[in-house]
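Per-entry structural report
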Amino acid sequence: MAQLAAGVAVVTVQDGRDDLGTTVSALMSVSLDPPLVLVSLAARGYLCEVLLRQDQWAASILASGQAAIASRFATAGRPSARHLVAGVPHHRGPHSGAIIVENGVAAVEAETTQVVPAGDHTLFLARVLAVTYVTPTLAPLIRLRGRYRPMG
């Protein structure tokens with residue numbers, strides 16, 4: 001599956017006083033009516049554990065110049081997302097309270113409606129609460145063969 005190019009996003013959630021996030025390349029649109037998205041997370045990951053108890057989250061779809069942000073959020077361990085966005089333009093989503101990275105190609109806030117165990121991953125099907133921004137003039141960051149690559 002590393003031969004399949006995929007967009008790169010940062011998924012974040014506010015859990016009490018802490019903020020968590022991770023880089024994903026398994027975020028997809030499921031339905032336009034109603035608007036639904038799906039994210040796949042490692043079942044043993046801490047973010048998965050948090051999303052099992054916290055339904056609202058955000059996904060920032062990164063632009064080609066944001067590979068450093070993707071790398072920060074892909075770091076092993078559980079550093080607070082607040083530390084990971086230090087020096088990076090961001091804001092909190094009005095619906096989820098989750099950190100949203102600015103200057104990407106798009107950002108959505110979502111609320112999980114269904115959780116599906118799938119092997120060593122867990123799928124979170126969610127309804128879109130808001131599209132915080134869309135920047136169609138920017139090229140997306142993609143992951144292909146284990147590396148972040150600009151599109152084009």
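Quick caveat, the model's predicted, so the values are computed rather than measured.

Relative to the assigned elements, Asp19 resides in strand E3 (residues 18-24). A relative accessible area of 1% places Asp19 in the buried class. Only 2.8 Å separates the side chain of Asp19 from the side chain of Arg92, close enough to count as a polar contact. Apart from the residues lying within four places of it in its own chain, the contact partners of Asp19 are Val13, Gln14, Ser80, Ala81, Arg82, Arg92, Gly97 and Ile99.

Across the sheet, 7 strands lie side by side as E3-E2-E6-E9-E10-E5-E4; this open sheet has antiparallel pairing. The open sheet has two edge strands with one neighbour each: E3 and strand E4 (27-32). When strand polarity is set aside, the average angle formed by the axes of neighbouring strands in this sheet is 30 degrees. Strand direction decides the pairing type here: strand E2 (residues 9-15) and E3, joined by 7 bridges, are antiparallel. Residue pairing across strands places Gln14 opposite Asp19, the latter belonging to E3.

Let us look at the environment of Asp15. Along the chain, Asp15 falls in strand E2. Spatially, the C-alpha atom of Asp15 lies 21 Å from that of Glu102, the residues being 87 residues apart in sequence.

Moving on, we get to unusual backbone geometry. Cis geometry is adopted by the peptide bond preceding Pro34, which originates at Asp33 and carries an omega value of 5 degrees. Relative to the helices and strands, Pro34 resides in the loop between E4 and strand E5 (35-42). Positive phi is not limited to glycine here, since Asn103 has a value of about 70 degrees. A residue is classified by how much of its surface remains accessible, and Asn103, at 49% relative accessible area, is partly exposed. Even without a glycine there, the phi angle at Arg145 is positive, about 55 degrees. Relative to the helices and strands, Arg145 is located in the loop between strand E11 (141-144) and strand E12 (147-150).

Looking now at the pattern of salt bridges. Enumeration over the complete set of coordinates arrives at 4 salt bridges. The partner of Asp15 in a salt bridge is Arg53, with the nearest N and O atoms 2.8 Å apart. On the criterion of sequence distance, the pair formed by Asp15 in strand E2 and Arg53 in the loop between helix H1 (46-51) and strand E6 (56-61) is long-range, its members being 38 residues apart. When the shortest N-O distance is used, the salt bridge between Arg127 and Glu111 registers 2.6 Å. Separated by 16 residues along the polypeptide, Arg127 in strand E10 (residues 121-134) and Glu111 in strand E9 (residues 106-118) bring together distant segments of the chain.

For the rest of this paragraph, the subject is the nonpolar core. Of all hydrophobic cores here, the largest spans 19 residues; its most connected members are Val11, Val13, Val39, Leu41, Leu47, Leu51 and Trp57. With 4 residues, the top contributor of residues to this core is H1. Excluding its chain neighbours within four sequence positions, the residues that come into contact with Val39 are Val11, Val24, Ala26, Leu27, Trp57, Thr122, Leu123 and Phe124. Residues Val10, Val88, Val101 and Leu141 belong to the second largest nonpolar core, which totals 13 residues.

Attention shifts here to the sheet that holds strand E1 (residues 6-7). Taken together, 3 strands build an open sheet; the order of strands is E1-E11-E12 and the sheet is antiparallel. One side of each edge strand has no neighbouring strand; the edge strands of this open sheet are E1 and E12.

Cut-offs applied
- Residues numbered from 1 in each chain as written.
- Predicted model: local features only at pLDDT ≥ 70, side-chain atom pairs only at ≥ 80, totals over all residues.
- Heavy atoms only, no water.
- Helix = DSSP H or I, 4+ residues; strand = E, 2+ residues; numbered from the N terminus.
- Buried < 20%, exposed > 50% of the residue type's maximum accessible area, 1.4 Å probe, protein only.
- Polar contact = N/O pair within 3.5 Å; in protein donor to acceptor, adjacent residues only side chain to side chain.
- Contact = heavy atoms within 4.5 Å.
- Pairing = 2+ DSSP bridges.
- Axes fitted to C-alpha atoms, helices over the stretch in contact; angles between N-to-C directions.
- Salt bridge = Lys/Arg side-chain N within 4 Å of Asp/Glu carboxyl O.
- Core = buried A, V, L, I, M, F, W, Y, C linked by side-chain atoms within 4.5 Å.

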